[in-house]
Amino acid sequence: MVTTASYGSWNSPIGSDLIASHSVRLVDVAVDGEIVYWTESRPAEQGRFAVVRQTPGNGVEDVLVPPFSARTLVHEYGGGALQVRDGIIYFSNFD
């Protein structure tokens, strides 16, 4: 059965909760030689920030396992949660 509704008043199965729960956000980016690292928000993992890397020839892989979360609240002061040098990852664990 088709129902006609006024603009903006129809019911939709797609809500902000559904969209936000599937939205991945890239935050910090660090380059170490040819390897690129970044933090990625994971709404499906209670908002955890994973550290991910892309290595030439090996593709993309997670390098920070749960329950660790590379996140900090000092970004407005120029801080970041991730640094990498010579293959060593330095991060702030949100917990």
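Bear in mind that the values here come from a model prediction, so they are computed numbers and not experimental data. Numbering of residues starts from 1 in every chain and runs along the sequence as written. Local features in this predicted model are restricted to residues of pLDDT 70 or higher, and side-chain atom pairs are both shown and tallied only at a pLDDT of 80 or more, whereas totals for entire chains, interfaces and linings draw on every residue. The basis for the side-chain values is all heavy atoms of the structure; hydrogens and waters are excluded.

Turning next to the pattern of salt bridges. Just to be clear on terms, a salt bridge is a Lys or Arg side-chain nitrogen sitting within 4 Å of an Asp or Glu carboxyl oxygen. Summed over all chains, the structure comprises 6 salt bridges. Put simply, R42 and E45 hold a salt bridge, and the shortest N to O gap is 3.4 Å. Summary of the burial criterion: residues with accessible area below 20% of their type's maximum are buried, those above 50% are exposed, and those between are partly exposed, where the area comes from a 1.4 Å probe applied to protein chains only. Using a relative accessible area of 12% as the deciding quantity, one classes R42 as buried. For E45, a relative accessible area of 28% corresponds to the partly exposed category. A salt bridge links R53 to E61; the nearest nitrogen and oxygen atoms lie 2.9 Å apart. In this structure R53 comes out as partly exposed when scored by relative accessible area, which is 24%. In this structure E61 comes out as partly exposed when scored by relative accessible area, which is 33%. Residues joined in a network through salt bridges with shared partners are E40, R42, E45, R48 and D62.

Bringing the environment of V84 into the picture now. Here V84 is to be found in strand β5 (residues 82-85). Expressed as a C-alpha distance, the spacing of V84 and V31, which sit 53 residues apart in the sequence, is 7.2 Å. The contact definition used throughout considers only heavy atoms, calling two residues in contact when any of these lie within 4.5 Å. Dropping the residues within four chain positions of it, V84 is found in contact with A30, D32, Y37 and I89. Helix numbering and strand numbering both begin at the N terminus, where a helix is a DSSP run of H or I of at least 4 residues and a strand a DSSP run of E of at least 2.

This paragraph deals with the packing of aromatic side chains. The pairing test for Phe, Tyr and Trp rings, Trp by its six-membered ring, is centres within 6.5 Å, and the orientation test on the planes gives stacked under 30 degrees, edge-to-face over 60, and tilted for anything in between. On inspection of all chains with the given rule, the structure shows 1 aromatic pair. Where F68 meets F91, the ring centres are 6.2 Å apart and the plane angle is 75 degrees; that geometry is what we call edge-to-face. Here the residue F68 occupies a position in the loop between β4 (59-62) and β5, and F91 occupies one in strand β6 (residues 88-91), the gap between them amounting to 23 residues. You can call F68 partly exposed: its relative accessible area is 39%.

Bear in mind that shape data such as this cannot, by itself, settle questions of function.
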